[in-house]
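# Summary of structural features
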Amino acid sequence: MRRERLFIGGSWVEPDGGHHPVTDPATEETVGWAPEASRAQAEAACAAAREAFGAWSRTAPEERAAVLARTARIIRDRLVPYAELAQAETGATTATARGMQVAVAAARFRRYARVEPVEAALPPQLNEAGPGGTSHALTAVGEGRAAVIGALTVRQPVGVVACVTSYNNPWANPAGKVAPALAMGNTVVVKPAPQDPLSVYRMAEALAEAGAPPGVVNVVSGRDVGVGEAVVGSPDVDMVSFTGSTAVGRRIAEVCGRGMKRQLMELGGKGAALVFADADVDAAVAGIGTTFSFYSGQICTAPTRVLAQRPVYERLVERLAAYASALPAGDPRRPETVVGPVISGEHRDRVEAYVELGRKEGAVVVAGGERPPFERGFHVAPTLLADCTNDMRVAREEIFGPVVVVIPFDDEEEGVALANDSDYGLIDYVFSGDVARAFRVARRLRAGGVGVNTVARNMEAPFGGFKQSGVGRDVGSWALHAYSETQAIVWPG
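The sections below set out a description of the structure shown in this document. Sequence order as written defines the numbering, with residues in each chain counted from 1. This being a predicted model, a pLDDT of at least 70 is required before a residue's local features are given, and a value of 80 or more before pairs of side-chain atoms are given or counted; all residues contribute to the totals for chains, interfaces and linings. Water and hydrogen atoms were dropped before computing side-chain values, which therefore reflect all heavy atoms in the structure.

### Structural notes on the overall build of the chain
Secondary structure elements follow DSSP: runs of H or I of four or more residues count as helices, runs of E of two or more count as strands, with numbering from the N terminus. A count of helical and extended segments in the chain gives 17 helices and 22 strands. For the radius of gyration, the atoms used are the C-alpha atoms, and the globule rule reads 2.2 Å times the number of residues raised to 0.38. The C-alpha atoms of the chain give a radius of gyration of 25 Å, which matches the 23 Å a tight globule of 493 residues would have. Projecting the C-alpha coordinates of the chain onto the three principal axes gives extents of approximately 80 × 55 × 40 Å. Three exposure classes are used, based on accessible area relative to the maximum for each residue type with a 1.4 Å probe and protein chains only: buried under 20%, partly exposed in between, and exposed over 50%. Residues counted as buried form 55% of the 493 residues belonging to the chain. Residues count as neighbours in contact if any of their non-hydrogen atoms are within 4.5 Å of one another. Long-range contacts, defined here as pairs at least 24 residues apart, represent 72% of the contacts in the chain between residues at least 6 apart. Here the open area of atoms and residues is found with the Shrake-Rupley method and a 1.4 Å probe, where only the protein chains shown may cover a residue. In the form shown here, the chain has an accessible surface area of approximately 20000 Å², with 53% of it arising from carbon and sulfur atoms. Asp and Glu count as negative and Lys and Arg as positive, but His and the ends of the chain are not part of the count. Taken as the charge location is NZ of Lys, CZ of Arg, CG of Asp or CD of Glu. A distance of 3 Å separates the average location of the 50 positive side-chain charges in the chain from that of its 57 negative side-chain charges.

### What about the sheet that holds strand β15 (residues 383-386)?
Strand pairing follows a simple DSSP-based rule, namely that at least 2 bridges must link the two strands. On the basis of which strands lie adjacent, the open sheet formed by seven strands has the order β14-β15-β16-β13-β12-β18-β19 and mixed pairing. Edge positions in the sheet fall to β14 (364-367) and β19 (449-452), since each has one partner strand and no second. Within the sheet, the average angular offset between the axes of one strand and its neighbour, ignoring direction, is 25 degrees. Note that strand β12 (residues 272-275) and strand β13 (residues 305-309) share four bridges and pair parallel. Bridging across to β13, A272 finds its partner in R305. Axis geometry follows a simple rule: fit a line to the C-alpha atoms, using only the stretch in contact for helices, then measure angles between N-to-C directions, giving values from 0 to 180 degrees. Running over the sheet, helix α15 (residues 412-420) touches β12, β13, β16 (403-409) and β18 (427-431) and is turned about 145 degrees from β16. Those strands touched by helix α16 (residues 435-444) are β12, β18 and β19, and its axis lies near 165 degrees from that of β19.

### Considerations on the sheet that holds strand β5 (residues 119-127)
Read from one edge of the open sheet, three strands run β5-β6-β22, paired in antiparallel fashion. Either end of the sheet is taken by a strand with one partner, and the two such strands are β5 and β22 (484-492). Averaged over all pairs of adjacent strands, the angle between strand axes in this sheet comes to 25 degrees, irrespective of strand direction. Looking at chain direction, strand β6 (residues 147-157) and β22 are connected through nine bridges and run antiparallel. Looking across to β22, one finds that T153 is bridged to A488.

### Comments concerning unusual backbone geometry
One non-glycine residue, Y295, lies in positive phi territory at about 60 degrees. Mapped onto the elements of the fold, Y295 is located in the loop between α11 (290-293) and β13. Located in the positive-phi region is V475, a residue other than glycine, with phi close to 80 degrees. Within the secondary structure, V475 is located in the loop between β21 (470-471) and α17 (477-482).

### Some details on the pattern of salt bridges
The working definition used for a salt bridge is a side-chain nitrogen of Lys or Arg within 4 Å of a carboxyl oxygen of Asp or Glu. Evaluation of the coordinates by the stated rule reveals 28 salt bridges. The residue D24 makes a salt bridge to R333 at a minimum N-O spacing of 2.7 Å. Placement of the pair is D24 in the loop between β3 (19-23) and β4 (30-35) and R333 in the loop between α12 (310-326) and α13 (345-361), with a sequence separation of 309 residues. Exposure remark for D24: the relative accessible area of 2% places this residue in the buried category. R396 is paired through a salt bridge with D421; the nearest N and O atoms lie 3.3 Å apart. In this pair, R396 is assigned in helix α14 (residues 393-396) and D421 in the loop between α15 and β17 (424-425), connecting sequence segments 25 residues apart. You can call R396 partly exposed: its relative accessible area is 23%. Classification of D421 as partly exposed rests on a relative accessible area of 37%. Linked through salt bridges whose partners overlap, the residues forming this network are R2, E4, R202 and E205.

### Overview of the packing of aromatic side chains
Here a Phe, Tyr or Trp ring, Trp counted by its six-membered ring, pairs with any other such ring whose centre lies within 6.5 Å, and the pair is stacked when the planes are under 30 degrees apart, edge-to-face when over 60, and tilted otherwise. A complete count under the given rule lists six aromatic pairs for this structure. When the centroid spacing of 5.5 Å and the interplanar angle of 85 degrees are considered together, the rings of F276 and F409 count as edge-to-face. Remark: F409 occurs in strand β16 and F276 occurs in the loop between β12 and α10 (281-288); sequence separation between them is 133 residues. As far as the burial class goes, F276 and F409 line up, both buried. Here the aromatic rings of F294 and Y295 are separated by 4.4 Å at their centres, their planes lie at 40 degrees, and the arrangement is tilted. F294 sits in the partly exposed class, given a relative accessible area of 23%. Taking relative accessible area as the criterion, Y295 reaches 9% and is therefore assigned buried.

### Concerning the nonpolar core
What makes a nonpolar core is a set of buried Ala, Val, Leu, Ile, Met, Phe, Trp, Tyr and Cys residues whose side-chain atoms join them at distances within 4.5 Å. If you look at the biggest cluster of nonpolar residues, it comprises 74 residues, and the most contacted ones within it are F109, L182, V188, V220 and V240. Here the element with the most residues in this core is helix α1 (residues 39-58); it accounts for seven residues. Not counting chain neighbours up to four residues away, the residues in contact with L182 comprise W56, R64, L68, T187, V188, L207, V216 and V217. With 31 residues, the next largest nonpolar core counts F292, V306, L327 and F463 among its residues.

### A few points about the pairing of strand β8 (residues 187-191)
The buried fraction of β8 is high, at five of five residues. Alignment of strand β7 (residues 160-164) against β8, held across five bridges, turns out to be parallel. Note that in β8 the partner of V160 across the bridge is T187. Here three bridges tie β8 to strand β9 (residues 217-219), and the two strands are oriented parallel to one another.

### Focus on helix α8 (residues 225-233)
Where α8 is concerned, the buried positions are G226, V227, G228, A230, V231 and V232. Contact partners of the buried residues in α8: α1, β7, β8, β10 (239-243) and α9 (246-259). The backbone nitrogen of G226 has a side-chain oxygen 2.8 Å away, supplied by the residue at the start of α8, namely D224. Think of a polar contact as two N or O atoms within 3.5 Å of one another; within protein, one of them needs to be a possible hydrogen donor and the other a possible acceptor, and neighboring residues in sequence only count if both atoms come from side chains.

### Focus on the side chain of Q309
Relative to the assigned elements, Q309 resides in strand β13. Side-chain polar atoms of Q309 contact the backbone nitrogen of A277, separated by 2.8 Å. With sequence-adjacent residues up to four places away left out, Q309 is seen in contact with V275, F276, A277, F409, D410 and D411.

Here it is in structure tokens:
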């Protein structure tokens, strides 16, 4: 029941707006009190990050890496209490809170504690005068000889990065932004989601304990949209890294456009899973079933739109329905629970409204569809909607809950067309026993990533989306590029 304070300029600051309760989605009880920053405090956090940027950007990469490595160790050492807090805020199961939230955050800090080259020499060029030619080159040409011009590319930090994070993973998501941003020499202001900001303050605590200088990391929170607006719109902010809905992403992009700010947008998804007639149905069911079990479907990468070839359609629907119905749901603190609650009562109502909309649109509810009979908690039953068409709203809009829709298709051409007929393009999936066809289809999908016979991810592969699913790429070395600018240095040879 701790009353949290803001973290600005290396100090813990009482919030001007008081506190709001953080609710456990499983028990509906208050588990802590989150601070409500004022616009002035949000602006002060950005100013603190700007003041700290000069010294931090000039710090040796090895020293920055050492801070990140110590942070990783602190988080790992406190995995259990940190996971308990994350579970209380998000309703995640114990396995998810430990293995996919806190442990992943530690791994991301450890990953970016690796010093990587930021300079690359380019081949010398014979320069024969023209736009951009140097006086040395012009003189050389005048004397009948070409000049050799050397060049070097250098990765420079962008500056102050505003990290606006999502509620579904208050550890891994902020860590995936903060760690590479700091590794590149940027300073950050983190604006966590209002539903579960307490974990992000523990992350700031770990960074400070690990030796991050004052102002390098700042955290401000609040339910008032003015807090986020102040951070994103601050003249001290050079870049915004946002994870969340496409609707909010558009508003942030407008602000970034006016200020010519760099942006990294990881937005919504409506992942298509193409299941061909020759697919391993067990593997397809297990992969698609993660929509029900992983964060209770509150994840943008989930394969929520299943496109099943007609020869396997009925069997796949039957198997998915059995899978969804058999998943243990309930109290996320029980070790056997696989499906916990969604983040809030409001979000539960939203997901249930989509299920009812699917019924009205003509979909058949073959699993779930009713509120689970638990006395407390914001639970949604794993739900499967069959006999859908791609023009239904339940097939086109991101539901962000444990709901899967199934659409039949005849041949490869139709399957690809249906998959690409979406406003989103984050991650799609292909299940087929014909590996050559699977890779051929993958290349035709308009998505930032494609899983072939798997829903697993390679954490060095670039992550991001096409179309309304976002702008830019991060993860692995791609994140170091995302949080840096490329500078060219040239000289006469």
